[in-house]
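Summary of the model geometry
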Amino acid sequence: MKAAECPKCGAKELGIGKESGHGGMFPKNKMSLGSEVEYIICTECGYIIEGYVKKPGKFKNTQY
C-alpha cells in the first residue's frame, strides 16, 4: 500500500529521503555491510511516515 497523504497533518506532497553517514541498518550477529535506510517523509511537517531498508535480503537468517 502506497502512502497518499500524511497521517499527522493531511498534506498530500510526500518525499523520500535516506540516512546519511553511518545511519545504515546492519544485521545483528552477522557480518554484513548492511543496507541503507530510506524514509517516506511529509514535505510540510517533516513527519516520517514509513521507513525501510533498501536491501532486505541482507537480513535473512537473522533470528528475531
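Everything discussed here concerns the structure shown above.
Quick look at the structure, then. No experiment lies behind these values; they were computed from the predicted model shown.

A count of helical and extended segments in the protein gives 0 helices and 3 strands. In the protein, the order of α-helices and β-strands from amino to carboxyl end is β-β-β. Relative to the globule expectation of 11 Å for 64 residues, the C-alpha radius of gyration of the protein, 14 Å, shows a markedly less compact shape. C-alpha atoms of the protein, sized along the principal axes, occupy 40 × 25 × 15 Å. Residues counted as buried form 17% of the 64 residues belonging to the protein. Of all intrachain contacts in the protein linking residues separated by at least 6 positions in sequence, the fraction that spans at least 24 positions is 46%. A total accessible area of about 5300 Å² is found for the protein, and carbon and sulfur atoms account for 54% of it.

Before going further, it helps to spend a moment on the sheet that holds strand β3 (residues 48-53). Across the sheet, which stays open at both edges, the 3 strands sit in the order β1-β2-β3 with antiparallel pairing between neighbours. On the outer flanks of this sheet lie β1 (14-18) and β3, each paired with one strand and no other. Strand-to-strand twist across the sheet, computed as the mean angle between neighbouring axes with direction ignored, equals 20°. Pairing of β1 with strand β2 (residues 37-42) involves 5 bridges; the strand directions are antiparallel. The partner of Gly17 across the bridge, within β2, is Tyr39.

Throughout the structure, instances matching the rule amount to 0 disulfides. For the unlinked cysteine Cys6, the closest cysteine sulfur is that of Cys45, found at 3.8 Å. A relative accessible area of 1% places Cys6 in the buried class. You can see Cys9 has no disulfide; the closest cysteine sulfur is in Cys42, sitting 3.6 Å from it. Judged by its relative accessible area of 43%, Cys9 is partly exposed.

Relative to the assigned elements, Glu38 resides in strand β2. Note on Glu38: relative accessible area 15%, which makes it buried. Residue contacts for Glu38: discarding those within four places in its chain leaves Ile16, Gly17, Lys18, Glu50, Gly51, Tyr52 and Lys54.

All told, the structure shown has 4 salt bridges when counted by the stated rule. The salt bridge partner of Lys54 is Glu38, with a shortest N-O separation of 3.7 Å. Note that Lys54 is positioned in the segment after β3 and Glu38 in strand β2, a separation of 16 residues in sequence. On the accessibility criterion, Lys54 (45% relative accessible area) is partly exposed.

Conventions adopted
- Residue positions are given per chain, counting from 1 as you read along its sequence in written order.
- Residues qualify for local features only when their pLDDT is at least 70, as the model is predicted, and side-chain atom pairs are given and counted only at 80 or more; totals for whole chains, interfaces and linings, by contrast, use all residues.
- The side-chain quantities take in all heavy atoms of the structure and omit both hydrogens and water.
- Helix numbers and strand numbers start at the N terminus; a helix is a DSSP run of H or I with at least 4 residues, a strand a run of E with at least 2.
- In this setup the radius of gyration rests on C-alpha atoms only. A globule is expected at 2.2 Å times the number of residues raised to 0.38.
- Think of it in three bands: with a 1.4 Å probe and only protein chains considered, a residue is buried below 20% of the maximum accessible area for its type, exposed above 50%, and partly exposed in between.
- Here, two residues are considered to be in contact whenever any of their heavy atoms come within 4.5 Å of each other.
- A 1.4 Å probe and the Shrake-Rupley method give the accessible areas. Residues count as covered only by the protein chains that appear here.
- Two strands are said to pair when DSSP picks up at least two bridges between them.
- In this analysis, axes come from line fits to C-alpha atoms, helices being fitted only over the stretch in contact, and the angle between any two N-to-C directions falls in the range 0 to 180 degrees.
- Put simply, a disulfide is two cysteine sulfurs that come within 2.5 Å.
- One side-chain nitrogen of Lys or Arg within 4 Å of one carboxyl oxygen of Asp or Glu is enough to make a salt bridge.

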